[in-house]
Amino acid sequence: MRRTVRLRLTLLYSGLFLAAGMLLVALIYLLVAHSPFPGAPTAPVLPGGPAVPEPRVDLAYLAEQQAAGLRRLLVNSVIALVVMAFASMLLGWLTAGRVLRPLHDMTATVRRITADRLDRRLAASGPDDELKKLADTFDDLLDRLEAAFTAQRRFVANASHELRTPLTLQRAMAEVALADPDADAAALRHVLDRLLAAGRHQERLIEALLVLARSEQGLDHREPLDLAAVAGQVLDRRPGPSLRVEAALRPAPASGDPALLERLVANLLDNAARHNIPDGWISVATDVRAGLATLTVANSGPVIPPDRVATLLQPFQRLESGRRAVGDGLGLGLSIVAAVVRAHHGTLEVVARPEGGLEVTVRCPSAAGTPPD
């Protein structure tokens, strides 16, 4: 017989009841056996008359009656205990089944949940007890899993499309060049230049995908660093832009992966420069606020509807109608930023400026702080 939770609870209830009953029977038996019995009554003395002689009491007979009464008490108590033990097992079995019924319902629902059907929920009802809290926690887990699976499928589909399109274009250009018998060296050189440009675009895309995947896996190690120094190094390597760059880099000690944080700053600056206006500006600031290392990158640019900001954090998404990225941009800049922030247990705040452009604020635990679980 399989030892289910219901059976174990039944045995536990019955065992506790049996132990308590045995203790109660033994206690009653000891109390009755050692309690003093009243002695023989004395003869009353009438006023003015002689005393009535005391009746003779047979002590052996009383002792035998007392022993017989104790035996009957013990036997009857054991019989009652056996009957109550079976009754307790039956009641324990029914009670355990009633208590565990929500778990059986949860198990049946969980068995119907698969990777393709993550829309089912336990939706437990009843009192706010431990079982309902367990069901609510499991529903929250399913919500996160469904969101993760949906994002993964969308990401794989978009990545496949982004990688397939340039490959198809390269093959078409090569086939057209080879099919032209009158193609001269200049035409072939032009085709090769286009093929090299498409290859460089693919390399950038694959590198961005690798960075995104690495960020989603979390950090293998941490080391102390300064966000101000990281931002300064990225600004020094950037070619002289036509945009005005305002930097206010104050010490912002943090702990994390220098390569990922450097990529985070570079992506923010590239995004701010690419989506800007002529004679625009970019502002970069680092500081420590409320015990958190803070990096803020703001830029001028076109007006962005506030309800479209969340779209920019999704892979292969841009502002233009929320479609996949085209042109020079890959559509992965801000999604990589969000993944790096999550890997560092930080927070990301993206705000659309009313006059145009974005203000992105990254907060990471300081070097002295402990990253949350």
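See the structure shown above.
Reference entry: report on the structure contained in this document. (Residues numbered from 1 in each chain as written. Predicted model: local features only at pLDDT ≥ 70, side-chain atom pairs only at ≥ 80, totals over all residues. Heavy atoms only, no water.)

## Here's the deal with the overall build of the protein chain
- Per the secondary structure count, the protein chain includes 8 helices and 7 strands.
- The buried share of the protein chain, taken over its 373 residues, is 31%.
- Residue pairs in contact within the protein chain that sit at least 24 positions apart in sequence constitute 69% of those at least 6 positions apart.
- Of the roughly 23,600 Å² that the protein chain leaves accessible, carbon and sulfur atoms contribute 61%. (Helix = DSSP H or I, 4+ residues; strand = E, 2+ residues; numbered from the N terminus. Buried < 20%, exposed > 50% of the residue type's maximum accessible area, 1.4 Å probe, protein only. Contact = heavy atoms within 4.5 Å. Areas by Shrake-Rupley, 256 points an atom, 1.4 Å probe, with all protein chains shown as cover.)

## Brief notes about the sheet that holds strand S2 (residues 244–249)
- Overall, mixed pairing links the 5 strands, which are arranged S2-S4-S5-S7-S6 in an open sheet. Taken across any chain shown, the strands that pair with only one partner, and hence form the sheet edges, are S2 and strand S6 (347–352). Pairwise comparison of adjacent strand axes, ignoring direction, gives a mean angle of 10 degrees for this sheet.
- Strand direction decides the pairing type here: strand S5 (residues 292–299) and strand S7 (residues 358–365), joined by 7 bridges, are antiparallel. Directly across from Val297, in S7, lies its bridge partner Val360.
- Running at roughly 155 degrees to S2, helix H5 (residues 227–237) makes contact with S2, strand S4 (281–289) and S5 of the sheet.
- The strands touched by helix H6 (residues 258–274) are S4, S5 and S7; relative to S5, the strand with the most contacts, the crossing angle is about 20 degrees. (Pairing = 2+ DSSP bridges. Axes fitted to C-alpha atoms, helices over the stretch in contact; angles between N-to-C directions.)

## Some points on the side chain of Ser300
- By the element assignment, Ser300 lies in the loop between S5 and helix H7 (309–312).
- Only 2.6 Å separates the side chain of Ser300 from the side chain of Asn276, close enough to count as a polar contact.
- Of note is the side chain of Ser300, whose polar atom sits 3.0 Å from the backbone nitrogen of Trp281.
- Excluding its chain neighbours within four sequence positions, the residues that come into contact with Ser300 are His275, Asn276, Ile277, Gly280, Trp281, Arg353, Gly356 and Gly357. (Polar contact = N/O pair within 3.5 Å; in protein donor to acceptor, adjacent residues only side chain to side chain.)

## Brief notes about the pairing of S7
- Across the 8 residues of S7, 6 count as buried, placing the element largely inside the fold.
- Here S6 runs beside S7; their pairing, made up of 6 bridges, is antiparallel. From the neighbouring strand, Ala352 faces S7, where its bridge partner is Leu358.
- If you look at the hairpin formed by S6 and S7, you'll find 5 residues sitting between the two strands, and Gly356 has a positive phi there, around 120 degrees.

## Some words on the side chain of Asn271
- Looking at the secondary structure, you find Asn271 in helix H6.
- Residue classification places Asn271 among the buried positions, given a relative accessible area of 17%.
- When residues no more than four places from it in sequence are discounted, the contact partners of Asn271 are Leu334 and Leu358.

## As for a nonpolar patch on the surface
- Together, Leu11, Leu74, Val78, Val82, Phe86 and Met89 make up a nonpolar patch on the protein surface, roughly 520 Å² of accessible area in all.
- Here Val82 shows up in helix H2 (residues 59–111).
- With relative accessibility at 41%, the residue Val82 sits in the partly exposed group. (Patch = residues over 30% accessible without salt bridge, like charges linked within 9 Å, V, L, I, M, F, W, Y side chains within 5 Å. Salt bridge = Lys/Arg side-chain N within 4 Å of Asp/Glu carboxyl O.)

## A look at H6
- Here H6 spans 24 Å end to end across 17 residues, near enough to the 24 Å set by a 1.5 Å rise per residue.
- Taken as a whole, H6 has its buried residues at Leu260, Leu261, Leu264, Val265, Asn267, Leu268, Leu269, Asn271 and Ala272.
- Of the residues that open H6, the one with a side-chain oxygen 3.0 Å from the backbone nitrogen of Ala259 is Asp257. (Expected span 1.5 Å × (residues − 1).)

## Thoughts on helix H8 (residues 333–343)
- Summarising burial for H8: 9 of the 11 residues are buried, a large majority.
- Among all positions of H8, only Leu334, Ser335, Ile336, Val337, Ala338, Ala339, Val340, Val341 and Ala343 are buried.
- Immediately downstream of H8, the backbone of His345 shows phi near 55 degrees, a positive value.

## Some details on empty space enclosed by the protein
- Applying the stated rule across the entire model yields 1 cavity of 30 Å³ or more.
- Reported here for the largest cavity is a volume of approximately 40 Å³.
- Around the largest cavity sit Leu268, Asn271, Ala272, Val297, Asn299, Leu334, Leu358 and Val360, which together line it.
- For the lining of the largest cavity, the element with the highest residue contribution is H6, accounting for 3 residues.
- The class makeup of the residues in the lining of the largest cavity is 6 nonpolar, 2 polar and no charged. (1 Å grid on protein atoms, 1.4 Å probe; cavity = no way out; pocket = protein on both sides within 12 Å on 5 of 7 lines; lining within 4 Å. Points joined across faces, edges and corners; volume = space filled by probe spheres on them. Nonpolar A, V, L, I, M, F, W, Y, C, P; charged D, E, K, R; others polar.)

## Section: unusual backbone geometry
- Unlike most non-glycine residues, Asp279 shows phi in positive territory, near 60 degrees.
- Summarising the element assignment, Asp279 is placed in the loop between H6 and S4.
- You can call Asp279 exposed: its relative accessible area is 72%.
- Here Ala290, not a glycine, exhibits a phi torsion of approximately 55 degrees, which is positive.

## Side note on the pattern of salt bridges
- Inspection of every chain in the model, using the stated rule, returns 4 salt bridges.
- One salt bridge in this structure joins Glu246 and Arg244, with 3.2 Å as the shortest N-O distance.
- Exposure remark for Glu246: the relative accessible area of 37% places this residue in the partly exposed category.
- Taking the shortest distance from any N to any O, the salt bridge between Arg353 and Glu355 comes out at 2.3 Å.
- Under the relative-accessibility criterion, Arg353 is labelled buried at 14%.
- Judged by its relative accessible area of 51%, Glu355 is exposed.

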